[in-house]
Amino acid sequence: MAQVSLDSVRKIYPNGAEAVTPSSFHIEDGEFVVLVGPSGCGKSTLLRMIAGLEDITEGTLSIGERIVNDVDPADRDIAMVFQNYALYPHMSVRKNIAYGLKNRKTPKDVIDAKVAEAAAMLNLNDYLDRKPSQLSGGQRQRVAMGRAIVRDPALFLFDEPLSNLDAKLRNQMRIEIKALQRRLGVTSIYVTHDQVEAMTMADRIIVLNGGRIEQIGTPSEIYHNPASTFVASFMGAPPMNLVAGELSEGILSFAGLDVPMTVDHRGPVTLGLRPEDLFIDAKGPIAMEVDLVEELGAHRLLHGRVEGQQLTVHLAKEIAAKTGPLRLSCDPSHLCLFHPDTGKRMDVRHKATPQARSNTTVESKA
Amino acid sequence: MTDISAHAHAIAQTRKRTWFKLETVFDHAILILGSLLMLLPLLIMLQTVTTPDLETMKLGPTFTIGTELDDNFRKAMFEASGFSGQNTGMNMLKNSMILGLGFALGKIVIGMMAAYAIVYFRLRFATLAFWLIFTTLLLPLEVRILPSYEIVQQLGMMNTYQGLIIPLIASATATFFFRQFFRSVPEELIEAARIDGAGPIKFFIDILVPLSQTMIAAMFIIMFVYGWNQYLWPTMITTDENMYTLVRGIKQIVQTLEGNNIPEFGRANMLALIAILPPVLVVIFFQSWFVKGLTESDK
Ligand SMILES: Nc1ncnc2c1ncn2[C@@H]1O[C@H](COP(=O)(O)OP(=O)(O)OP(=O)(O)O)[C@@H](O)[C@H]1O
Ligand SMILES: [Mg+2]
């Protein structure tokens, strides 16, 4: 078990590409941190630097109390689970799990005990003598987990371990991994581009974009207070609505909506509205033209336009909806404002007391 | 309407089927003809082996099977044809085996290690080295046979197994195939092994060699047959009858009419049969692996 600290860690590949700009963060003992971001943003690179599979160009990395920049991966006291499992195809499950221990010259009886323990924990008892090619994807990933567990590492590293599994199995494995991590209490860093995985598994999320850290925070902070338009549009399914509004003299106006607030900014702004913070209100200020109703069972999504700008509304399943004109209202306390050029979030102090949100009292006369 | 179209459809189908059949017959005819053509020498050998030499000389190949098989076998395997009395079939078989195995295993070991160095280590001129090795494919033994001979001679390796094997052991072909194979091994596997604490030697022995099994088998077949069939090189390097290989030794047996000697057709053909047997067995035994090794990439 260990803390992990990155101090201005930077990666420039030999071809000159800067995959990770100087980044610093600290991970507490036992914490489950998820690195999330779009493809090519440098998640894997960052993780691989922590694993020691990739050189660190600049900065220092410490695991526990030790600076490990120049330590071999095998000696960093880490275990890694790969996207394509990376099991040794010619070895049985048992040998796969035991290989790392064998290389450390662990006594045979200790190895056997640890393999048995891991197999029991991961429901792999029936498969110990099979080859990886005789296992399903989920079982293979569990073997990969087993290989990581038996080493008793200070740090678990996961690089998109679930992305080769189908949706159902992914949900199940997600819960298993999280439960296992809770039980073992091992500090973990988990890379994914799936924001659902990030939200559900993480103690803290680190959002990366183009090799830069956009935001670090708990899932709830990231979701409710995104630091930039990038985070706002990346996290959440459907993502936050981002529309152009106008600020003048302490009043934010967008499509008939006027909200008094104190912001150090005048002129155009980007306004962020979560789809679930909008609700149908016959006398509401926002006039929306609904183009499409997306039926999702547990809820519905309305896609449409307000003054030519795209908007998505999230409705509980009890509320009927159809295409056509519709009036909406929103809870101003949940509004986010972003700078129109930089995309950074601006601090807002609300003047009006937030009005209670009341989905149920609303009639749906579209 | 539907009737007509259905009918037309049926006709089209039957026509297609007969045409298909004709084609199959034709294909098979060609294949059967081809294999007969290739089998013919073998059949003649088999016939000759069972017939007394005199008869063969008088009549040539016939359709009758004679009774001399065991006698010819005994002569071929246990009687020497030379002066020293050492180049019996058994002895030559042993020499051929040593050459074939040494040649194949040596090439595999050297080729694998060369490919390992080229693919996995950040050598400064790895690519250049590889292409240099590759261009040696353009320089077969025959081109460099005189300098090679001189070197072996100066090293005093004439009439030794080392002299037979070592100068032929570096293999661009094996290096090339192993390089291609190693490059197809997923990067993640190497990284997992690194994290599992496998150093370069452990990785090679524990992971790469077992993974290359089918490739090794494929290479073994090619190289064994190639080594076994070497003729020119053993002819130059071995002057001692004790060191003759089968392929070279067959030549030693009298095959023309000289004075009172009848050509030993039966014996020579018996040796030839024995000489083709091990390569055939190797191919049959490793066949399924061979195909797998060159086509499949199961990782
Ligand atoms: N070996 C390399 N040499 C040069 N550039 C590289 C190398 N590996 C990755 N990159 C570049 O670094 C950037 C980050 O790559 P990285 O693999 O970390 O992305 P990622 O966030 O893991 O993406 P994904 O979600 O697709 O796995 C990319 O622009 C990529 O092209
Ligand atoms: Mg990646």
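Each value, and the rule that gives it
- Residues numbered from 1 in each chain as written.
- Chains lettered and ligands numbered in written order.
- Predicted model: local features only at pLDDT ≥ 70, side-chain atom pairs only at ≥ 80, totals over all residues.
- Heavy atoms only, no water.
- Contact = heavy atoms within 4.5 Å.
- Buried area = accessible area lost by both parts, 1.4 Å probe.
- Salt bridge = Lys/Arg side-chain N within 4 Å of Asp/Glu carboxyl O.
- Polar contact = N/O pair within 3.5 Å; in protein donor to acceptor, adjacent residues only side chain to side chain.
- Helix = DSSP H or I, 4+ residues; strand = E, 2+ residues; numbered from the N terminus.
- Nonpolar A, V, L, I, M, F, W, Y, C, P; charged D, E, K, R; others polar.
- Domains from an automatic or database assignment.
- Pairing = 2+ DSSP bridges.
- Axes fitted to C-alpha atoms, helices over the stretch in contact; angles between N-to-C directions.

J.: Even after reading the chapter, I still don't get the interface of chain A and chain B, so can you show me in this structure?
T.: Buried accessible area, meaning the area lost when the parts come together, often serves as the stated size of an interface. Opposite the 24 residues of chain A that make contact, chain B presents 16 residues. When chain A packs against chain B, close to 1,800 Å² is buried across both sides, 55% of that on carbon and sulfur atoms. Inspection of the chain A/chain B interface yields two salt bridges. Among the salt bridges present, the one from R151 of chain A reaches D196 of chain B, with a minimum N-O distance of 3.7 Å. At the boundary of chain A with chain B, the tally comes to ten residue pairs in polar contact (both at pLDDT 80 or more). Listed by contribution, the elements that provide at least two residues to the side of chain A that touches chain B are β6 (78–81) and α2 (93–103) of chain A. When its residues are assigned to classes, the side of chain A that touches chain B shows 14 nonpolar, six polar and four charged.

J.: I'm lost on the domain arrangement of chain B in this one. Help?
T.: All names here are of chain B. The domains assigned to chain B are domain 1 (2–73) and domain 2 (77–296). Buried area between domain 1 and domain 2, summed over both chains or domains, comes out near 1,200 Å², and the portion from carbon and sulfur atoms is 82%. Taken together, the links from domain 1 to domain 2 amount to zero salt bridges. The interface formed by domain 1 and domain 2 includes three residue pairs in polar contact (both at pLDDT 80 or more). Counting only elements with at least two residues in the side of domain 1 that touches domain 2, the list comes to α1 (2–50), α2 (53–59) and α3 (69–78).

J.: It is not clear to me how the sheet that holds strand β19 (residues 324–330) of chain A should be interpreted in this structure. Could you clarify?
T.: The pairing of strands in a sheet happens through backbone hydrogen bonds and is either parallel or antiparallel. All names here are of chain A. Sheet architecture is open: five strands sit in the order β15-β19-β16-β17-β18, paired in antiparallel fashion. Edge positions in the open sheet fall to β15 (278–280) and β18 (309–316), since each of these has one partner strand only. Here the average twist between neighbouring strands, direction ignored, is 50°. Of the pairings in the sheet, the one linking strand β17 (residues 299–306) to β18 comprises eight bridges and is antiparallel in character. Bridged to L301 within β18 is H314.

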